[in-house]
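Now for the letters of each chain:
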Amino acid sequence: MLKNVAAVLLDGVHPFELGVVCEVFGIDRSEEGLPVYDFAVVSAEGPTLSTPCGFTVSTPHGLERLEEADLIAVPAGETYAERDYPPELLDALRRAVARGTRVLSVCSGVFVLAAAGLLDGRRCAVHWHHADQLTRRHPRVTVEPDVLYVDEDPVITSAGTASGIDACLHIVRKEQGPEVANKIARRMVVPPHRDGGQAQYIERPLPKGPCDTMGDVLVWMEEHLDEEVTVEQLAARAHMAPRTFARRFQQETGTTPYRWILRQRVLLAQRLLEGTDETMDSIAWRTGFGTAAALRHQFVRALGTTPAAYRRTFRGPQAA
C-alpha cells in the first residue's frame, strides 16, 4: 500500500515539476475522504537548494529519509541532463528499487534514474527535447519519445512538465483505484487521464541534409499536398531516374517520399485544426487525405489522438 512518499531534489530543481509531486501526494485531503500520504521533500545536496526561478528551497530531510519511502519521486531540474550526481544518491535509489520501492521521474529527472542504472534494459519516457540526448548518454535505455509516461514497475518515468501529473495519477490509480485518482484529479481541476501522447506537442521542422538537391522538389510537394503524386512524377521534376531519386531522397530527408508527404499532411492538418474552424471533411480534402475517416486514421497513427481531441486540446471544447 502506498503511504510514504519522498521527493528527492538536486540543486537547480524546477519548481513546477516539484509542485506536481507535492500537489498529488503532499496535501492533506482527508476531509474529502482521500488518503493522506506521509510526504517529505528530501535534499541530496545540503539543506538549501537553488531553483532557476530566483528563490531557494530548504528542507531538514537528507537521503536517510528515502530508506522508509514506498515511492521516491525525482522531479526535473536545471542542467540535470548534463551534470553528474552524488554517488550516495544513486546508491540510495538502487537500494530502494532492490527492496521494492517504486521510483518516479518527472521530465529530466529521468537522467538521474538512468545514471543509477535503473533504466538499463527498460523503456522510459522523457520530454521530447531530451530524447536524443538521453539515448546518446545511456544507450542501454529504450527511449519512448511519443508517450506521456511509461510504467516499467517499479520504475515509472514521465515526459515533460505536466505529464508528471499523468504519471502521479497513474500511480494513485494503480495503488488505490480509479475513484481515488479521479477525486484527486477533480480537486486539481485536471483530467484523470489524457488521451494521446506527447507526439502531438512536438514541432517537427523539415529535415535538412548536408547537400540539398531536393529543395525545389520538397517545396513543390509541400505546395501540392492535396494532390496524389507518384515517385515517377517527382523524379521527373528532379530530372532523375526514379530509383536514383528514391535513393537520393532517402539520403537527404531520412525517409521515403510517401512517408514525407504523409507527415507533411498531418502537420498541415494540425495547423488547420489549431487555427481554423474548417470542418473535418474540408481539412481532409485540403490535406490530401480525401475523407474525414482517412484523416482520422492517419492522425491517430501519427499522433496517438483523434483530430477532434487535438482540436479540443489546442482550441478548447467549444471549437470541437
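Everything that follows concerns the structure shown earlier in this document.
Residues numbered from 1 in each chain as written. Predicted model: local features only at pLDDT ≥ 70, side-chain atom pairs only at ≥ 80, totals over all residues. Heavy atoms only, no water.

## Notes on the nonpolar core
The biggest cluster of nonpolar side chains holds 68 residues, and the ones touching the most others in it are Val8, Phe25, Leu66, Leu89 and Val112. Among all residues touching Phe25, those that are not within four sequence positions of it are Leu2, Val5, Tyr37, Phe39, Leu71, Cys168 and Val172. (Core = buried A, V, L, I, M, F, W, Y, C linked by side-chain atoms within 4.5 Å. Buried < 20%, exposed > 50% of the residue type's maximum accessible area, 1.4 Å probe, protein only. Contact = heavy atoms within 4.5 Å.)

## Concerning unusual backbone geometry
Leaving glycine aside, a negative phi is the common case for residues, and trans is the common case for peptide bonds. Between Asp153 and the following residue, Pro154, the backbone shows a cis peptide bond with an omega angle of 15 degrees. Note on placement: Pro154 falls in the loop between strand S9 (149–152) and strand S10 (155–158). Here Thr79, not a glycine, exhibits a phi torsion of approximately 65 degrees, which is positive. The residue Thr79 is located in the loop between strand S5 (71–74) and helix H2 (87–98) in this model. The exposure class of Thr79 is partly exposed, given its relative accessible area of 44%. Phi is positive for Val189, which is not a glycine, with a value near 60 degrees. Tracing the sequence through the fold places Val189 in the loop between helix H6 (178–188) and helix H7 (215–223). (Helix = DSSP H or I, 4+ residues; strand = E, 2+ residues; numbered from the N terminus.)

## What about the packing of aromatic side chains?
Any two aromatic rings considered together are summarised by their centre-to-centre distance and by the angle between their planes. Taken as a whole and judged by the stated rule, the model has four aromatic pairs. Between Phe249 and Trp260, the ring centres sit 6.5 Å apart and the planes meet at 90 degrees, which makes this aromatic pair edge-to-face. On the criterion of sequence distance, the pair formed by Phe249 in helix H9 (residues 242–253) and Trp260 in helix H10 (residues 257–275) is long-range, its members being eleven residues apart. Accessibility expressed as a relative area gives 0% for Phe249, which makes it buried. Assessed through its relative accessible area of 3%, Trp260 is described here as buried. An angle of 75 degrees between the planes, with centres 5.4 Å apart, marks the rings of Phe299 and Tyr310 as edge-to-face. One end of the pair, Phe299, is in helix H12 (residues 292–303); the other, Tyr310, is in helix H13 (residues 307–315), and eleven residues separate them in sequence. The burial state of Phe299 is the same as that of Tyr310; both residues are buried. Taken together, the ring pairs connect Phe245, Phe249 and Trp260 into an aromatic cluster. (Phe/Tyr/Trp six-rings, centres within 6.5 Å; stacked < 30°, edge-to-face > 60°.)

## As for empty space enclosed by the protein
Inspection of the entire model under this criterion finds one cavity of 30 Å³ or more. If you add up the space inside the largest cavity, you get close to 30 Å³. In terms of residue class, the lining of the largest cavity is made up of six nonpolar, one polar and one charged. (1 Å grid on protein atoms, 1.4 Å probe; cavity = no way out; pocket = protein on both sides within 12 Å on 5 of 7 lines; lining within 4 Å. Points joined across faces, edges and corners; volume = space filled by probe spheres on them. Nonpolar A, V, L, I, M, F, W, Y, C, P; charged D, E, K, R; others polar.)

## What about H9?
Taking 1.5 Å per residue as the helical rise, H9 with its twelve residues ought to reach 16 Å, and the 16 Å between its terminal C-alpha atoms agrees with that figure. Every buried residue of H9 is listed here: Phe245, Phe249, Glu252 and Thr253. One side of H9 holds all its buried residues, which, seen down the axis, span an arc of 75 degrees. Summarising the geometry of H9, the exposed residues directed more than 90 degrees from the buried face are Arg243 and Gln251. Immediately downstream of H9, the backbone of Gly254 shows phi near 80 degrees, a positive value. (Expected span 1.5 Å × (residues − 1). Arc of directions from axis to C-beta.)

## Points about the pairing of strand S2 (residues 38–43)
Looking at chain direction, strand S1 (residues 4–9) and S2 are connected through six bridges and run parallel. Looking at the pairing, Val5 lines up with Phe39 of S2. Taking the sense of rotation as the criterion, the β-α-β connection linking S1, helix H1 (residues 15–25) and S2 turns out right-handed. (Pairing = 2+ DSSP bridges. Right-handed = clockwise from strand over helix to strand, strands pointing away.)

## Observations concerning the pattern of salt bridges
All chains considered together, the criterion is met by 17 salt bridges. Here Glu45 and Arg83 are joined by a salt bridge, their closest N and O atoms 2.5 Å apart. Placement of the pair is Glu45 in the loop between S2 and strand S3 (48–50) and Arg83 in the loop between S5 and H2, with a sequence separation of 38 residues. The exposure class of Glu45 is partly exposed, given its relative accessible area of 28%. Accessibility expressed as a relative area gives 18% for Arg83, which makes it buried. The closest approach of N and O atoms between Glu144 and Arg123, which form a salt bridge, is 3.8 Å. Residue Glu144 is found in strand S8 (residues 142–144), and its partner Arg123 is found in strand S7 (residues 123–125); the two are separated by 21 residues along the sequence. (Salt bridge = Lys/Arg side-chain N within 4 Å of Asp/Glu carboxyl O.)

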